[in-house]
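The chain contents come next:
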Amino acid sequence: MASHPEYDQYTTATEVARAFSEDVRGKTVVIVGVSPQSLGESMTTALAAHSPSLVLLASRTKAKIEQVVTKVKADHPTLRLEIVEVDLSSFDSIRKGSKIINDLVDRIDILINNAAVVMTTHAFTREGLELQFGTNHIGPFLLTNLLMPKLVRAAQSSATGSTRVINVTSQGHMISPIRFSDHSFHKRPEEIPAEERPMSRPGVSFDPPPGETYAPFVAYGQSKTANILMSLYLNQHLSGAGIQSIATHPGSIWTDLSRNLDEKHLSIIEKTGGFWKDLDQGSATTLVAALDPNLADPKVIYLSDCQVAKPADWASDGRAAEQLWKLSEDIVGQQFDLAAACRL
Ligand SMILES: NC(=O)c1ccc[n+]([C@@H]2O[C@H](COP(=O)([O-])OP(=O)(O)OC[C@H]3O[C@@H](n4cnc5c(N)ncnc54)[C@H](OP(=O)(O)O)[C@@H]3O)[C@@H](O)[C@H]2O)c1
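Below, the structure is looked at part by part. Please read all numbers here as calculations on a predicted model, not as lab measurements.

Conventions we followed
- Residues numbered from 1 in each chain as written.
- Predicted model: local features only at pLDDT ≥ 70, side-chain atom pairs only at ≥ 80, totals over all residues.
- Heavy atoms only, no water.
- Near = heavy atom within 4 Å.
- Polar contact = N/O pair within 3.5 Å; in protein donor to acceptor, adjacent residues only side chain to side chain.
- Areas by Shrake-Rupley, 256 points an atom, 1.4 Å probe, with all protein chains shown as cover.
- Helix = DSSP H or I, 4+ residues; strand = E, 2+ residues; numbered from the N terminus.
- Nonpolar A, V, L, I, M, F, W, Y, C, P; charged D, E, K, R; others polar.
- Buried < 20%, exposed > 50% of the residue type's maximum accessible area, 1.4 Å probe, protein only.
- Contact = heavy atoms within 4.5 Å.
- Pairing = 2+ DSSP bridges.
- Right-handed = clockwise from strand over helix to strand, strands pointing away.
- Axes fitted to C-alpha atoms, helices over the stretch in contact; angles between N-to-C directions.
- Parallel < 35°, antiparallel > 145°, perpendicular 65-115°, else oblique.
- Expected span 1.5 Å × (residues − 1).
- Bend = angle between axes of the 7 residues up to and from the residue.

1. So, the site of the ligand
Argument step 1. Around the ligand, 31 residues are found, and the nearest of them are Ser-35, Arg-60, Thr-61, Tyr-220 and Thr-255.
Argument step 2. Val-86 has a polar backbone atom sitting 3.4 Å from a nitrogen atom of the ligand.
Argument step 3. Relative to its unbound accessible area of 890 Å², the ligand is 97% covered by the protein chains.
Argument step 4. Residue assignment for the shell around the ligand shows that the elements contributing at least two residues are helix H7 (216–238) and strand E7 (252–253).
Argument step 5. Tallied by class, the residues present in the shell around the ligand amount to twelve nonpolar, 13 polar and six charged.

Right, here's the structure in full:
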């Protein structure tokens, strides 16, 4: 259970960082996916006030990260902030970016995988993966593994479970399991196994129009299920090293995430948010996951509105987590032996 059962949808990242100030002090934090008016910016702002030793901001657009740095530096001129350009839709960029990060830091106490895209068109990464699956899961999977030695290093001199990998997911994971037989949407729904089909409700269909294979929200849902399964897998295999992973649903917040949506899809999103959070509220759950010492328990996988919550069954399935890890290794062409990482 979280330390603050009173926290809820109204709680702000500013309050959370203040409450766990001692758990921020001296930490090396890497935040992936940072630009003005994004959740990455608000979590950076909240953490900056409590003397971390380094906040490294890794994202796609250098000019946008620089704008955030300028704002944060205005209030915290002595804070060490580093910028690294990484495009999660390119293995080459991730490999180059991870090398720069590994050269800049000697440890990583908290890694927040926050970057994501939402698409309505059937677009692809450099390596030909459906863009949401590639950017939102496969990219962070590769980056996290390439940074693993620095997480292990931090865990060796920290309280068990205080070294954290936070995967920002979404309640949208409830839309779809992993489509192991067709992760990049080249098949019609009736061509894939029943257990890989999206959720269905009377009157609500996530199927693509006749003759098409792409269902944008199903693709987003798949990528967000992958974020939770990655946390599950990390907890099953890294608890020996004292590293804890948690996936977080931030709530509904108007950000640039909807930049690629047309009118039709925007109006669907407008109807999904019961309560719209501001950016500070939107980052609170992620900071609880990153900082609360009470959550140092490998069984804690998913948080929503600052509390432990239950994800969809398909996102809490240990076999699916193993299968996704193997699929992700095959896709990036590299195996990651976490048992060996624990022995480093
Ligand atoms: N906002 C919501 O209501 C909501 C709800 C549920 C879950 N979430 C999750 O919250 C997280 C943050 O989203 P947000 O709302 O803050 O959206 P956002 O404002 O669009 O921020 C996303 C960040 O990811 C970066 N990014 C996108 N593609 C990238 C790539 N290929 N490589 C590296 N960085 C990339 C973006 O950089 P550029 O700006 O340079 O492209 C941006 O900094 C996401 O994981 C999202 O799924 C948000």
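Read on for the rest.
2. With respect to the environment of Leu-287
Argument step 1. Relative to the assigned elements, Leu-287 resides in helix H10 (residues 284–291).
Argument step 2. Using a relative accessible area of 0% as the deciding quantity, one classes Leu-287 as buried.
Argument step 3. Sequence-wise, Leu-287 and Ile-166 are 121 residues apart; in three dimensions their C-alpha atoms are separated by 9.0 Å.
Argument step 4. Discounting residues that sit within four places of it in the chain, Leu-287 has contacts with Ala-13, Val-16, Ala-17, Met-43, Ala-46, Leu-47, Ile-112 and Asp-292.

3. Looking at the pairing of strand E4 (residues 110–113)
Argument step 1. Residue alternation in E4 divides its side chains into two sets, Ile-110 and Ile-112 and Leu-111 and Asn-113, and both sets are buried.
Argument step 2. Two elements, strand E1 (residues 28–32) and E4, share four bridges in a ladder whose sense is parallel. Note on E4: the bridge partner recorded for Ile-31 is Ile-112.
Argument step 3. Pairing of E4 with strand E5 (residues 163–168) involves four bridges; the strand directions are parallel. Paired with Asn-113 across the strands is Asn-167, a residue of E5.
Argument step 4. This β-α-β element, E4 to helix H6 (residues 131–156) to E5, shows right-handed connectivity.

4. Focus on the packing of H6 against helix H11 (residues 318–332)
Argument step 1. Close contact between H6 and H11 brings their axes to 10 Å; oriented N to C, the two are set at 85°. In terms of orientation, H6 and H11 fall into the roughly perpendicular class. From H6, Phe-133, His-137, Ile-138, Phe-141, Leu-142 and Asn-145 reach across to H11, where they touch Leu-324, Trp-325, Leu-327, Ser-328, Glu-329, Ile-331 and Val-332.
Argument step 2. A breakdown of the residues in the contact of H6 with H11 according to their chemical character gives nine nonpolar, three polar and one charged.

5. Comments concerning H6
Argument step 1. When the terminal C-alpha atoms of H6 are compared, their 36 Å separation across 26 residues agrees well with the 38 Å that a helix rising 1.5 Å per residue should span.
Argument step 2. Considering bend angle alone, the principal kink of H6 is centred on Met-148 and spans about 50°; proline Pro-149 follows within four residues of it.
Argument step 3. Of all 26 residues in H6, 23 are buried; the element is thus mostly enclosed.
Argument step 4. Regarding H6, its N-cap is Glu-130, as a side-chain oxygen of that residue lies 3.1 Å from the backbone nitrogen of Gln-132 further along.

6. Re the sheet that holds strand E2 (residues 54–59)
Argument step 1. With respect to topology, eight strands assemble into an open sheet ordered E3-E2-E1-E4-E5-E6-E9-E10, the strand pairing being mixed. A single partner strand is all that each edge strand has here, and the edge strands are strand E3 (81–85) and strand E10 (307–308).
Argument step 2. Along the sheet, H6 makes contact with E1, E4, E5 and strand E6 (243–249), crossing E5 at roughly 160°.
Argument step 3. Packing of H10 onto the sheet brings it into contact with E4, E5, E6 and strand E9 (302–304), and relative to E5 it is tilted by some 155°.

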